[in-house]
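Examining the three-dimensional arrangement
Each chain is listed here by its residues.
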Amino acid sequence: MSLDPSHPAAPKQQALFDLGLAQQADFLESAPPGLRVARVQIETAAALELDYAIPERLDRQIGIGTRVMVPLQHQRVAAVVIELLEISPHGAKLKELSSLVGSRPMFTPGLIKLAHWIAEYYVVPVNRVLRTMLPQAVREKPETFLTDSHLKLAKEPPPEVFEKLHSTAPMQARILEMLRSNGGEATLSQLRRDLPRATAIIKPLLKAGWITRSEVRVERDPFQTEEFLPSQPLTLTEEQKVAFDQVIKALQSPKEARPLLLHGVTGSGKTEVYLQAIAEVLKSGKTALVLVPEISLTPQTIERFKARFSDKKDTIAVLHSHLSDGERHDEWFKIHEGRAEIVIGARSAIFAPLERLGIIIVDEEHEPSYKQEDAPRYHARDVAVVRAKIEGCAVLLGSATPSLESFHNASTAKYELLNMTCRTDGKSMPLIRIVDMRLERRRGTEVSVANAGILSQRLRIAIADRLEKREQTILFLNRRGFNTSLSCVSCGEAVQCQECAIPMTLHKKDNRLVCHICGARRIPPTKCPACKEPGLKYAGFGTERVEQAVREVFPHARMARVDTDTMQRKNQLRDTLKDFRAQKLDILIGTQMIAKGLDFPNVTLVGVLNADTALNIPDFRAAERTFQLLVQVAGRAGRGEIKGEVFVQTHAPHSPAIQFSRHNDFAGYADQELEHRIAFKYPPFSHVVLISARGKHEAQAEFTLQTLHKRLENGLPPGTLMGEPTPAALAKAHGQHRFQLLLRSEKIRVLSAHIQRVVQGLTLPPDIIVTWDVDPMNLG
């Protein structure tokens, strides 16, 4: 991806950006003399840009990126200043801005430019992008900070006062003693921990002048109770040093440097390269932004950064979905006010208002979770590359299994490829064994029926061996629940969700069938809903059933299950992983939550219980995702001194994705997969746009997409491949029928502009929703 200087909007956006930089070396810098007009984007209107006069009282506070309130018709609405002008083409009689929202601009000039790029590339209104860039807690309650009372001894009470207080008001005497023992000061909340009635007790002391009280801002720090032991930089291996030297060159000449793709096997020390690169950035007075997939943003990941930069731990901000609104608000303002030097976060952290950016790091860059599912449907990795170009900083993408798009960019010299092929400290890659479950079923099983088809004989023996040696095991299955379907033995019908076209999953603990799409729940029926016959049978297995089976086979093993059903309490995942690291648990069973971002030296065995789960999904990326997931999960084994072993249970042992993952052969897999992609003109040899129509009336949704298909045919850009409207893989979800249309083109901006023109000229039925997704990661 690159900025397109030939686009008609590019000169205007460049001028806007340059002007913003000149104006806002300091956020509070005023509008230059003569710039008396603010062009704003109304936050609630798709394409409404209006000009307003800047009143003198706000002259020194308005800059690009400032949120303001403006009069519009008979109300005041929120808007963002996107440009400053000397005069307006609409004349001199302009309404004035009403007021500021917040004391400083909420957006940097670079973020304003980035918003325009996203709007153009992903075909979405600018106001929608700007709203996405601000967390809801910040947008709705800007600068709403938590405060506490700071209490301080005004003067040292003489001994006789203490004696009197001890006899007449012992609680007041205790407050004074607590302040004295704490250096003469404390917050009211600190005192309340020992004295719940401290608020009332301090009033006489304030009135007598023994103590003073002032309000102070208190940050809601999600890691306030955590202690991080400092870590020191490690000696780099030869491969790490070569990669690190290339990163340093990019830091020194970021405008000339290409994006860097760090392809390092699991355990090769990519994180150490990140940490030492960030240290170099901080030395130069710049800041660093680190993106990590939400599922990999584990407490262990955060600990690595907090421990390495322990002397700067208060300047590290973390942004992810598990923060409370208050925590997210305060972490964002830590960044906004320039107090954060390092930001670690999931997808939306790419919009963190960092200034002086020195590097953007995207770890596990292949992860599909970097793609936003709702508008604006941006891909954080690609946006990171563009933001780095705008900000003039280095960008480093890292993965053990790079996406084929990034790998192709490196192969064609758009990116610079850095390779790390060996694990650190001479540790060997785990030995991967493929277990053909077809043969296992023919052979039968030596344990109960409840365990049939879940644990192969070879895996059971391996687990028993690890338990005897006091080593640890991870069992991976990317399905929740007990049984994955309930069907009739007479007519074969599966019990499906009434709102979604998928079988419901049994959750045995609650004795409920649950839809994993819309969340609907029902009691399991005793008769077939279709033919009313009583014969029903359960099939398939999820993590809940795996746990039961493992407990049955290994009743004395200590184990825990990690999935969204069990990890309900805040910090429960952190506590479970701590127990596993402390070797209080022998076996960890889980979904993708345990597949990445974890490093446990005592784990010597990993079992992948059903490697075929994603292989049969109707998506051209299905095999790629299977390969990536197997390599990533296998990488959890053998990170200590003992060689690791991985058992991959599958019904498709000859699948290229499984065979290449067995040998950790990314290059071999990429070569054969790219042959298929180029033959059918799939990414990275084209861009894909997925158009979807959905609604409660099936015929209406289908007809709408068929009509749109005919309109698109007229004037379709040359070289574009357009399929036929078809039901989506998930034909019904949340009570809506779904149809989709796939288009492929090498010239994505031309195709997107054509789609936008056609859709804008189409009158849609009131209950039909049409969406389009540029570069989709999910074709379901």
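So, about the overall build of the protein. Regarding its fold elements, the protein presents 23 helices and 31 strands. Relative to the compact-globule value of 28 Å for 780 residues, the protein shows a C-alpha radius of gyration of 30 Å, a close match. With the principal axes as the frame, the protein shows a C-alpha extent of 85 × 80 × 65 Å. Out of the 780 residues in the protein, the part that is buried amounts to 54%. Taking as baseline every contact in the protein between residues at least 6 positions apart, the subset at least 24 positions apart corresponds to 75%. Surface exposure of the protein reaches about 35,200 Å², of which carbon and sulfur atoms provide 51%. Of the charged side chains in the protein, 102 are positive and 91 negative; the average position of the first set lies 3 Å away from that of the second.

Two strands in a sheet stick together by hydrogen bonds in their backbones, pointing the same way (parallel) or opposite ways (antiparallel). Read from one edge to the other, the open sheet built from 6 strands follows the order β16-β26-β25-β17-β24-β23, with strand pairing classed as parallel. Edge positions in the open sheet fall to β16 (431-436) and β23 (559-562), since each of these has one partner strand only. Within the sheet, the average angular offset between the axes of one strand and its neighbour, ignoring direction, is 15°. Both strand β17 (residues 472-476) and strand β24 (residues 587-590) contribute to a ladder of 4 bridges, which runs parallel. Each residue of the ladder has a partner; that of Leu475, found in β24, is Ile589. Running over the sheet, helix α16 (residues 457-469) touches β16, β17, β24, β25 (603-608) and β26 (645-650) and is turned about 160° from β25. Across the sheet, helix α19 (residues 622-634) lies against β16, β17, β25 and β26, angled at about 155° from β25, the strand it touches most.

Let us now look at the pattern of salt bridges. Counted according to the given criterion, the structure contains 36 salt bridges. Between Asp563 and Arg561 there is a salt bridge, and its shortest N-O distance comes to 2.9 Å. Side by side, Asp563 and Arg561 carry an identical accessibility label, which is buried. Put simply, Glu624 and Arg677 hold a salt bridge, and the shortest N to O gap is 2.8 Å. Placement of Glu624 in helix α19 and of Arg677 in helix α21 (residues 666-679) is noted, with a sequence separation of 53 residues between them. Grouping residues by exposure puts Glu624 and Arg677 together as buried. Beyond isolated ion pairs, a larger network of salt bridges with shared partners links Arg433, Asp465, Arg466, Lys469, Glu471 and Glu645.

So, on to the sheet that holds strand β12 (residues 342-345). Spatial strand order, β11-β12-β10-β13-β14-β9-β15: 7 strands in an open sheet with parallel pairing. Every interior strand has two partners, whereas the edge strands, β11 (316-319) and β15 (416-420), have only one. Ignoring strand direction, the axes of neighbouring strands in this sheet form an average angle of 15°. The sheet contact formed by strand β9 (residues 260-264) and strand β14 (residues 394-399) spans 4 bridges and is parallel.

Next up on the list: the pairing of strand β10 (residues 287-291). Along β10, 5 of the 5 residues are buried, which leaves the element largely enclosed by surrounding structure. Of the two faces of β10, the one carrying Thr287, Leu289 and Leu291 and the one carrying Ala288 and Val290 are both buried. The pairing of β10 with strand β13 (residues 357-363) spans 5 bridges and is classified as parallel. Within β13, the residue paired with Ala288 across the bridge is Ile359. Here 4 bridges tie β10 to β12, and the two strands are oriented parallel to one another. Within β12, the position partnered with Leu289 by the bridge is Val343.

Enumeration over the complete set of coordinates arrives at 11 aromatic pairs. Ring geometry for Phe620 versus Tyr682: centroids 4.5 Å apart, planes at 15°, classification stacked. With Phe620 in the loop between β25 and α19 and Tyr682 in the loop between α21 and β27 (687-695), this residue pair connects regions lying 62 residues apart in the sequence. Every member of this aromatic cluster is reached through a ring pair, and the members are Phe407, Phe627, Phe660, Phe666 and Tyr669. One cation-aromatic arrangement involves Lys155 over Trp210; the distance from NZ or CZ to the ring centre is 4.9 Å. Seen from the ring of Tyr682, Arg744 lies directly overhead, with NZ or CZ sitting 4.8 Å from the centre.

What follows concerns the environment of Gln740. With respect to the helices and strands, Gln740 occurs in strand β30 (residues 736-745). Judged by its relative accessible area of 12%, Gln740 is buried. In the structure, Gln740 is positioned 49 residues away from Ile691 in sequence and 5.5 Å away in space, judged by C-alpha atoms. Within the structure, Gln740 has its side chain in polar contact with the backbone oxygen of Leu779 (distance 3.0 Å).

This brings us to the confidence of the model for the protein. Chain-level pLDDT for the protein is 87 on average; 93% of the residues reach the 70-or-more range. Predicted confidence for residues 1-31 stays below pLDDT 50, and this span has 65 contacts to residues more than four positions away or in other chains. With pLDDT under 50 throughout, residues 446-450 is counted as low confidence; its partners more than four residues away or in other chains account for 10 contacts.

What follows deals with helix α13 (residues 380-391). Across its 12 residues, α13 extends 16 Å between first and last C-alpha, which sits within 8% of the 16 Å expected from 1.5 Å per residue. Buried residues dominate α13, accounting for 10 of its 12 residues. Along α13, the positions that sit buried rather than exposed are Ala380, Arg381, Asp382, Val383, Ala384, Val385, Val386, Arg387, Ala388 and Ile390. Immediately downstream of α13, the backbone of Gly392 shows phi near 70°, a positive value.

For the rest of this paragraph, the subject is the side chain of Lys371. Position of Lys371 among the secondary structure elements: in the loop between β13 and α13. Here the side chain of Lys371 touches Asp773 through a polar contact of 2.8 Å, side chain to side chain. Discounting residues that sit within four places of it in the chain, Lys371 has contacts with Tyr122, Arg347, Arg377, Tyr378, His379, Asp773, Val774, Asp775, Pro776 and Met777.

Moving on to unusual backbone geometry. Cis peptide bonds are those with omega within 30 degrees of zero, and the linkage from Ala375 to Pro376 qualifies with 0°. By secondary structure assignment, the location of Pro376 is in the loop between β13 and α13. Residue Pro683 is joined to Pro684 through a cis peptide bond whose omega torsion reads 15°. Summarising the element assignment, Pro684 is placed in the loop between α21 and β27.

Time to look at helix α18 (residues 572-581). Count 3.6 residues to each turn of an α-helix, and residues three or four apart come out pointing the same way. For α18, the full list of buried residues reads Gln572, Arg574, Thr576, Leu577 and Phe580. Considering only its buried residues, α18 is in contact with α11 (299-308), β17, β23, β24 and β25. At the exit of α18 stands Gln583, carrying a positive phi of roughly 60°.

Right, let's talk about the packing of helix α6 (residues 170-181) against helix α8 (residues 198-208) for a bit. Relative to each other, α6 and α8 sit at 85°, their axes nearing to 9 Å. As the angle between them shows, α6 and α8 are arranged roughly perpendicular. Every residue of α8 that contacts α6 at Met171, Gln172, Ile175 and Leu176 is listed here: Ala198, Ile201, Ile202, Pro204 and Leu205. Of the residues that constitute the contact of α6 with α8, the class distribution is 8 nonpolar, 1 polar and no charged.

Quick look at the environment of Leu165 now. By the secondary structure assignment, Leu165 is in helix α5 (residues 159-168). With 446 residues separating them along the chain, Leu165 and Ala611 place their C-alpha atoms 72 Å apart.

Within the secondary structure layout, Val689 lies in strand β27. The class for Val689 is buried, based on a relative accessible area of 0%. Distance from Val689 to Leu742, taken between C-alpha atoms, is 6.0 Å for residues 53 residues apart in sequence. Not counting chain neighbours up to four residues away, the residues in contact with Val689 comprise Leu741, Leu742, Leu743, Ile748, Leu751, Ile755, Trp772, Asp773 and Val774.

Definitions and cut-offs
- Residues numbered from 1 in each chain as written.
- Predicted model: local features only at pLDDT ≥ 70, side-chain atom pairs only at ≥ 80, totals over all residues.
- Heavy atoms only, no water.
- Helix = DSSP H or I, 4+ residues; strand = E, 2+ residues; numbered from the N terminus.
- Rg over C-alpha atoms; globule rule 2.2 N^0.38 Å.
- Buried < 20%, exposed > 50% of the residue type's maximum accessible area, 1.4 Å probe, protein only.
- Contact = heavy atoms within 4.5 Å.
- Areas by Shrake-Rupley, 256 points an atom, 1.4 Å probe, with all protein chains shown as cover.
- Lys, Arg positive; Asp, Glu negative; His and termini not counted.
- Charge placed at Lys NZ, Arg CZ, Asp CG, Glu CD.
- Pairing = 2+ DSSP bridges.
- Axes fitted to C-alpha atoms, helices over the stretch in contact; angles between N-to-C directions.
- Salt bridge = Lys/Arg side-chain N within 4 Å of Asp/Glu carboxyl O.
- Phe/Tyr/Trp six-rings, centres within 6.5 Å; stacked < 30°, edge-to-face > 60°.
- Lys NZ or Arg CZ within 6 Å of the ring centre and 35° of its normal.
- Polar contact = N/O pair within 3.5 Å; in protein donor to acceptor, adjacent residues only side chain to side chain.
- pLDDT = per-residue confidence, 0-100.
- Expected span 1.5 Å × (residues − 1).
- Parallel < 35°, antiparallel > 145°, perpendicular 65-115°, else oblique.
- Nonpolar A, V, L, I, M, F, W, Y, C, P; charged D, E, K, R; others polar.

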